[in-house]
Amino acid sequence: MNKKKLRGDWGEALVAGDLRRRGYDIVASQFRCRMGEVDLIARKRGVLCFVEVKTRTGRDYGLPREAVTPRKQQRIRTAAAQYLARYDLDCPVRFDVAEVYVDDGAVLQEQSAKIVYLEAAFE
């Protein structure tokens, strides 16, 4: 497994733990279909949240949320629609972005990370 994938998986697990502590239920992770992927799917108070997690070691290429381009947003919306159809769900949904910042070269530990969670980051 390469370092980028390892860091991404670690960031997703970190965000999942943070969401649980804030009262969310994690209903799926790394949901994949032919049309796209959703990193985390969480539920709180009847709202299903499709979460894109971006883990970064610096801001050399801008904010992590900027990597969630309109094309990426469309792929997430399409994957979300597939998820809703597959499980025959009819509920309110929201699209969130979680930014995970960790110092370059730092050991991947919760103490070395900062999470910025953006609710309703796009529609």
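Peer 1: I'd like a description of the overall build of the protein chain, backed by residues and values.
Peer 2: A count of helices and strands for the protein chain gives two helices and five strands. Reading the protein chain from its N end, one meets helices and strands in the order α-β-β-β-α-β-β. Relative to its 123 residues, the protein chain shows a buried fraction of 38%. Contacts spanning at least 24 positions in sequence make up 58% of the contacts within the protein chain whose residues lie at least 6 apart. Looking at the protein chain as shown, the accessible area adds up to about 7,400 Å², and 46% of this sits on carbon and sulfur atoms.

Peer 1: Give a detailed account of the nonpolar core, specifying residues and quantitative values.
Peer 2: Membership of the largest hydrophobic core comes to 17 residues, with the highest contact counts inside it found for I41, F50 and Y83. If you list the elements that add at least two residues to this core, you get β1 (25–33), β2 (36–44), β3 (47–56), α2 (70–86), β4 (93–102) and β5 (113–122). At five residues, α2 tops the list of elements feeding residues into this core. When neighbours within four sequence positions are excluded, F50 is seen to be in contact with V38, L40, I41, A80, Y83, L84, V93, R94, F95 and D96. In this structure, A16, Y24, A42 and V102 belong to the second largest nonpolar core, which totals 15 residues.

Peer 1: Would you mind going over the side chain of E52 in detail, with residue names and values included?
Peer 2: With respect to the secondary-structure elements, E52 resides in strand β3. Here the side chain of E52 touches K54 through a polar contact of 3.3 Å, side chain to side chain. Dropping the residues within four chain positions of it, E52 is found in contact with D39, V68, K72, I76, D96, V97 and A98.

Peer 1: Could you give an account of the environment of D9, with specific residues and numbers?
Peer 2: Within the element layout of this structure, D9 appears in helix α1 (residues 3–21). The class for D9 is partly exposed, based on a relative accessible area of 23%. For the pair D9 and K54, spaced 45 residues apart in sequence, the C-alpha to C-alpha distance is 10.0 Å.

Peer 1: Describe the environment of A67, and please don't skip the residues or the numbers.
Peer 2: With respect to the secondary-structure elements, A67 resides in the loop between β3 and α2. Each C-alpha atom, one on A67 and one on K54, is 8.0 Å from the other, the two residues being 13 residues apart in sequence. If we skip the residues at most four places from it in the chain, A67 touches K54, R56 and K72.

Peer 1: Tell me about the sheet that holds β5, residues and numbers included.
Peer 2: Hydrogen bonds between backbone atoms are what pair the strands of a sheet, whose relative direction is either parallel or antiparallel. What the five strands build is an open sheet, ordered β1-β2-β3-β4-β5; its pairing is mixed. At either margin of the open sheet sits one strand with a lone partner, and together these are β1 and β5. On average, each strand axis in the sheet is inclined to that of its neighbour by 30 degrees, with strand direction left out of account. Taken together, the seven bridges between β4 and β5 define a ladder with antiparallel strand orientation. The residue of β5 that forms the bridge with V102 is A113.

Peer 1: Provide a residue-level description of α2, including the pertinent values.
Peer 2: The periodicity of an α-helix, 3.6 residues per turn, causes residues three or four places apart in sequence to face the same way. Relative to the 24 Å expected for 17 residues at 1.5 Å per residue, α2 spans 24 Å between its end C-alpha atoms, a close match to the ideal helical length. Regarding α2, the residues found buried are Q73, I76, A79, A80, Y83 and L84. Seen along its axis, α2 keeps its buried residues to an arc of 140 degrees; they face one direction. Every exposed residue of α2 that faces more than 90 degrees away from the buried side is listed here: P70, R71 and A85.

Calculation criteria
- Residues numbered from 1 in each chain as written.
- Predicted model: local features only at pLDDT ≥ 70, side-chain atom pairs only at ≥ 80, totals over all residues.
- Heavy atoms only, no water.
- Helix = DSSP H or I, 4+ residues; strand = E, 2+ residues; numbered from the N terminus.
- Buried < 20%, exposed > 50% of the residue type's maximum accessible area, 1.4 Å probe, protein only.
- Contact = heavy atoms within 4.5 Å.
- Areas by Shrake-Rupley, 256 points an atom, 1.4 Å probe, with all protein chains shown as cover.
- Core = buried A, V, L, I, M, F, W, Y, C linked by side-chain atoms within 4.5 Å.
- Polar contact = N/O pair within 3.5 Å; in protein donor to acceptor, adjacent residues only side chain to side chain.
- Pairing = 2+ DSSP bridges.
- Axes fitted to C-alpha atoms, helices over the stretch in contact; angles between N-to-C directions.
- Expected span 1.5 Å × (residues − 1).
- Arc of directions from axis to C-beta.

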